[in-house]
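Structural overview
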Amino acid sequence: MDKHMKEIEEKVHNNIRLSKDDGIYLYNSSDLIAIGELARYKKLEMSGQHIFFNVNQHINLTNICVSRCKFCAFGIDHDDKDSYLMSPQEAFDYGAKAVDYGITEFHIVSALHPDMPFEYYVVVVRDLHEAYPHIHIQAFTAVEICYFSQISGLSIREVLQVLKDVGLGSLPGGGAEILKDDLRRQLCPNKAMSQDWLEVHRTAHQLGIKTNCTMLFGHVESIEDRIDHFITLRNLQDSDPGFQAFIPLPFLPENTPLNHLKRTSAIDDIKTLAISRLMLDNIDHIKAFWVMLGIDIAQISFNFGADDIDGTVFEEKIMHAAGARTQTAISKEDIIRLIKEAGYIPTERDTIYNILKEF
Ligand code: V47
């Protein structure tokens, strides 16, 4: 172990915050085992032997999108033959069909539809919440919340308050991509910029709405951009805490305008999970989203800092449009088995990390 790695080890063992230079050093190091040991140490300190999962149903209301981000294969035009839009009744039926499976969460994320008014989204949340008040609704990325503010004329705070009043429980972490506007202008110029994304999460936290955060990596960003992204999230969590989990999302290039780029390597995926655990010392959970990483890497990542594998994710669409080769759903029994195989305690949680059952 060289001198800088030794210094980082000292910091991790003494709960001293890692600097930007430390983060960049870790990315440039090829000592994956040393990085993994540190991330595992931190994970064990923060969540012991638990690996969390939940049982959820994803609902993607529409794929018709005005934003058309360069990394996305999900959003399409109105007149494309594969376009769809669920009516509130269809969205309700789609959610309702998973209830008997014992889901504890509806996870609703959609495209930015050109014509549907804010009321449409309010009705979807209200109807599901009225029928199933015990099921948590995690819905709408910060980008969608900004868009609702734009189309309704309400402020971000008012949009969040209206949704909270009809049953919104928490926000997912999508739309963060890389929180640097020069990159956003290249990748996704038609949606919320960095400060808008941060403002939504800050306001949500102030209203008592928990949120997640993500990073889309492996496209045009540099290592420094990734570390700056971690530090931006860490600073927001210091000033206005409310992030529950961080989810690194490796870019899947298939069927996107950036399909000339290569998929990230397993080493990059694992390193990114581990370094996020080390840099984000004030965010409780690191989620290895199996849909994107693949089940094998998700399983290995429990030894590299991850403590959550998301959920059963019935019928995920966004990542599969971009070439994710994983199944579109996984059973609870399979999740329990793969966590046990890795030597950890499968722990079913609800959306806000109350423990429901250990297996
Ligand atoms: O914002 C889109 C990303 C996000 C691609 O909060 C892509 O628990 C890779 O945020 N390759 C939506 N990524 C999904 C998301 C999410 C997923 C699971 C759990 C949670 C949570 C949040 O997916 C988008 C974007 O960053 N994305 N296209 C792609 N081709």
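Now for a look at the structure at hand.

The rules behind the values
Residues numbered from 1 in each chain as written. Predicted model: local features only at pLDDT ≥ 70, side-chain atom pairs only at ≥ 80, totals over all residues. Heavy atoms only, no water. Pairing = 2+ DSSP bridges. Helix = DSSP H or I, 4+ residues; strand = E, 2+ residues; numbered from the N terminus. Buried < 20%, exposed > 50% of the residue type's maximum accessible area, 1.4 Å probe, protein only. Right-handed = clockwise from strand over helix to strand, strands pointing away. Near = heavy atom within 4 Å. Polar contact = N/O pair within 3.5 Å; in protein donor to acceptor, adjacent residues only side chain to side chain. Areas by Shrake-Rupley, 256 points an atom, 1.4 Å probe, with all protein chains shown as cover. Nonpolar A, V, L, I, M, F, W, Y, C, P; charged D, E, K, R; others polar. Axes fitted to C-alpha atoms, helices over the stretch in contact; angles between N-to-C directions. Parallel < 35°, antiparallel > 145°, perpendicular 65-115°, else oblique. Left-handed = near helix turned anticlockwise from the far one by under 90°. Contact = heavy atoms within 4.5 Å. Salt bridge = Lys/Arg side-chain N within 4 Å of Asp/Glu carboxyl O.

**Section: the sheet that holds strand β2 (residues 56–59)**
Pairing within the open sheet is parallel, and its seven strands lie in the order β2-β3-β4-β5-β6-β7-β8. Of all strands in the sheet, those bounded by a partner on one side alone are β2 and β8 (285–286). Pairing between strand β7 (residues 243–250) and β8: two bridges, direction parallel. Paired with A245 across the two strands is H285, which belongs to β8.

**Digging into the pairing of strand β4 (residues 136–139)**
Burial along β4 is two-sided: H136 and Q138 facing one way and I137 and A139 facing the other are all buried. Examined bridge by bridge, strand β3 (residues 105–108) and β4 share four bridges and lie parallel to one another. In the strand pairing of β4, H107 is matched with Q138. Once you follow β3 into helix α5 (residues 118–131) and on to β4, the crossover reads as right-handed. Relative to strand β5 (residues 168–171), β4 runs parallel, the two sharing two bridges. Bridging from a neighbouring strand, I137 pairs with L168 of β5.

**Some points on the environment of H107**
One can find H107 in strand β3. When its relative accessible area of 10% is taken as the criterion, H107 is described as buried. Taking the C-alpha atoms as reference points, H107 and E90, 17 residues apart in sequence, are found 15 Å from one another.

**A few points about the site of the ligand**
Around the ligand, a shell composed of 24 residues is seen, among which F71, G173, G175, E177 and K287 lie nearest. Within the backbone of F71, an N or O atom sits 2.8 Å from a nitrogen atom of the ligand. Contacts to the ligand include L252, whose backbone N or O atom sits 2.9 Å from a nitrogen atom. In the complex, the protein chains occlude 96% of the 610 Å² of accessible area that the ligand would expose alone. When grouped by side-chain class, the residues that make up the shell around the ligand number 14 nonpolar, seven polar and three charged.

**Here we look at the packing of helix α3 (residues 32–47) against helix α11 (residues 266–279)**
Packing of α3 against α11 leaves a shortest axis separation of 9 Å and a crossing angle of 45°. One finds that α3 runs oblique with respect to α11. Handedness of the α3/α11 crossing: left-handed. Residue-level inspection shows L32, I35, L38, A39, K42, K43 and M46 of α3 in contact with α11, the latter providing I267, I270, K271, A274, I275, R277 and L278. Residue classes in the contact of α3 with α11 are distributed as 10 nonpolar, no polar and four charged.

**A look at the sheet that holds strand β1 (residues 50–54)**
On the basis of which strands lie adjacent, the open sheet formed by four strands has the order β9-β1-β10-β11 and mixed pairing. Each edge of the open sheet carries a strand with a single partner, namely β9 (308–311) and β11 (355–358). Across this sheet, the average inter-strand angle for adjacent strands is 25°, counted without regard to direction. Two strands pair when backbone bridges link them, and β1 and strand β10 (residues 345–349) are joined in this way by four bridges, in the parallel orientation. Counterpart to I51 in the pairing with β10 is P346.

**Describing the pattern of salt bridges**
For the structure on display, the rule yields 24 salt bridges. One salt bridge connects D240 with R202, and the closest N-O pair in it is separated by 3.6 Å. Highlighted residues: D240 in the loop between α10 (223–239) and β7 and R202 in helix α9 (residues 194–206), separated in sequence by 38 residues. Where salt bridges share partners, they join K20, K180, E224, D225 and D228 into one cluster.

**Topic: the pairing of β11**
Pairing analysis gives three bridges linking β10 to β11, with the strands arranged antiparallel. Residue pairing in the sheet places E348 in a bridge with K357 of β11. Once β10 ends, the chain turns through five residues before running back antiparallel as β11, passing Y353 with a positive phi of about 65°.

**Thoughts on the side chain of N56**
Positionally, N56 belongs in strand β2. In this structure N56 comes out as buried when scored by relative accessible area, which is 0%. A distance of 3.0 Å separates a polar atom in the side chain of N56 from a polar atom in the side chain of E105.

**What to know about unusual backbone geometry**
In this structure, N15 takes a positive phi of about 55° despite not being glycine. Mapped onto the elements of the fold, N15 is located in the loop between α1 (3–13) and α2 (20–28). Judged by relative accessible area, N15 falls into the exposed class, the value being 53%. We note that F140 has phi near 70°; this positive angle belongs to a residue other than glycine. Residue placement: F140 occurs in the loop between β4 and α6 (142–152). Judged by relative accessible area, which is 0%, F140 ranks as buried.

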